[in-house]
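What follows is each chain in one-letter form.
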Amino acid sequence: MSSPESEPSAGPVTDLPAVAPQLRALRRRASLTLEAAARAAGLSPAHLSRLETGQRQPSLPMLLGLARVYGTTVSELLGETVADRDAVIRAADMEPTAAGGWTYWQAGAPGRGMQALRVHVPYGSQGDIVRVHPGEEWLYVLEGRLRLRLGDATNRLAPGDSAHFDSLTPHRIVAEDRGGVELLFVHTLLQSPTATLCLGPGLTTGDTP
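Because the structure is predicted, anything quoted here is derived from the model rather than measured.

Chemist: A description of the overall build of the protein chain should follow, citing residues and the corresponding values.
Modeler: Within the protein chain, the secondary structure is distributed over six helices and nine strands. Looking at the 209 residues of the protein chain, the share that counts as buried comes to 40%. Here the analysis covers contacts within the protein chain between residues at least 6 apart in sequence; of these, 66% occur between residues at least 24 apart.

Rendered as structure tokens:
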């Protein structure tokens with residue numbers, strides 16, 4: 001796996017004048033030296049310095065890595081502000097949404113660093129789709145049996161089983177029961193309109209994993 005500094009696939013984030021001062025401010029808020037922050041994010045101090053002075057624009061994997069180091073979200077690194085939102089999500093407010101054959105309900109507020117979902121994966125849906133994208137994923141099986149392919153390994157999960165993995169590992173989710181499988185699902189995708197550069201055309205941060 002390549003380091004964020006050498007990541008070629010996602011491309012740079014362009015036209016982001018607020019990124020440079022924001023990167024420096026968040027590093028200082030985290031009480032990190034340039035050298036410590038760069039080392040934790042897999043960058044050279046010189047490269048991070050160029051990002052903070054606006055001489056270079058960060059790629060999306062770099063932003064994700066720096067967000068994790070600074071304990072913040074990509075949205076904050078980009079200078080985006082998020083409106084106040086309720087901490088409690090009521091069941092009556094969880095409207096079902098269909099995407100790629102799956103049905104999911106938002107179980108958390110939009111625009112957060114983590115996105116929480118309740119997901120129904122029907123039998124035979126998306127069995128041939130392998131996904132790779134920056135972030136982490138956690139899932140918990142509520143009902144049904146799930147086949148989870150992580151890289152070259154195949155795992156079978158029953159109700160009560162869970163999985164937590166790096167989303168850069170190629171992964172595929174298949175329901176083994178004809179009634180489908182019910183999941184609780186949390187992911188840390190890039191919360192930015194530019195996330196499609198990482199996730200691929202036609203995918204957004206609201207798409208299923």
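Chemist: An account of the side chain of Arg27 is needed here, citing residue identities and associated values.
Modeler: As for its placement among the helices and strands, Arg27 is situated in helix 1 (residues 19-29). For Arg27, the side chain forms a polar contact with the main-chain oxygen of Leu32, separated by 3.0 Å. Setting aside chain neighbours within four positions, we find Arg27 in contact with Leu32, Thr33, Leu34, Ala37, Leu48, Glu52 and Tyr70.

Chemist: Explain the packing of helix 2 (residues 34-41) against helix 3 (residues 45-52) residue by residue, including any values.
Modeler: At a minimum axis separation of 8 Å, helix 2 and helix 3 run at an interaxial angle of 105°. By the angle class used here, helix 2 and helix 3 are roughly perpendicular. Along its contact with helix 2, which presents Leu34, Glu35, Ala37 and Ala38, the element helix 3 presents Pro45, Leu48, Ser49 and Glu52. Considered class by class, the residues forming the contact of helix 2 with helix 3 number five nonpolar, one polar and two charged.

Chemist: So, the pattern of salt bridges: which residues are in play, and what are the values?
Modeler: Close approach of charged atoms allows side chains with opposite charge to pair. Tallied over the full model, the rule gives six salt bridges. Salt-bridge contacts for Arg156 lead to Glu176; the nearest nitrogen and oxygen are separated by 3.0 Å. Pair noted here: Arg156 is in strand 6 (residues 153-157) and Glu176 is in the loop between strand 8 (171-175) and strand 9 (181-187), with a separation of 20 residues, a long-range link. Linked through salt bridges whose partners overlap, the residues forming this network are Arg24, Arg27 and Glu52.

Chemist: Tell me about the pairing of strand 8, and name the residues and values.
Modeler: Most of strand 8 is tucked away: four of the five residues are buried. Of the strand pairs in this sheet, strand 5 (residues 146-150) and strand 8 are connected by five bridges, and their pairing is antiparallel. Note on strand 8: the bridge partner recorded for Arg147 is Val174.

Chemist: Run through the sheet that holds strand 5, naming residues and quoting values.
Modeler: The strand order across the open sheet formed by three strands is 6-5-8, and the pairing between neighbours is antiparallel. Of all strands in the sheet, those with a lone pairing partner are strand 6 and strand 8, marking the two edges. In this sheet, neighbouring strand axes are inclined to one another by 20° on average, regardless of whether the strands run parallel or antiparallel.

The rules behind each value
- Residues numbered from 1 in each chain as written.
- Predicted model: local features only at pLDDT ≥ 70, side-chain atom pairs only at ≥ 80, totals over all residues.
- Heavy atoms only, no water.
- Helix = DSSP H or I, 4+ residues; strand = E, 2+ residues; numbered from the N terminus.
- Buried < 20%, exposed > 50% of the residue type's maximum accessible area, 1.4 Å probe, protein only.
- Contact = heavy atoms within 4.5 Å.
- Polar contact = N/O pair within 3.5 Å; in protein donor to acceptor, adjacent residues only side chain to side chain.
- Axes fitted to C-alpha atoms, helices over the stretch in contact; angles between N-to-C directions.
- Parallel < 35°, antiparallel > 145°, perpendicular 65-115°, else oblique.
- Nonpolar A, V, L, I, M, F, W, Y, C, P; charged D, E, K, R; others polar.
- Salt bridge = Lys/Arg side-chain N within 4 Å of Asp/Glu carboxyl O.
- Pairing = 2+ DSSP bridges.

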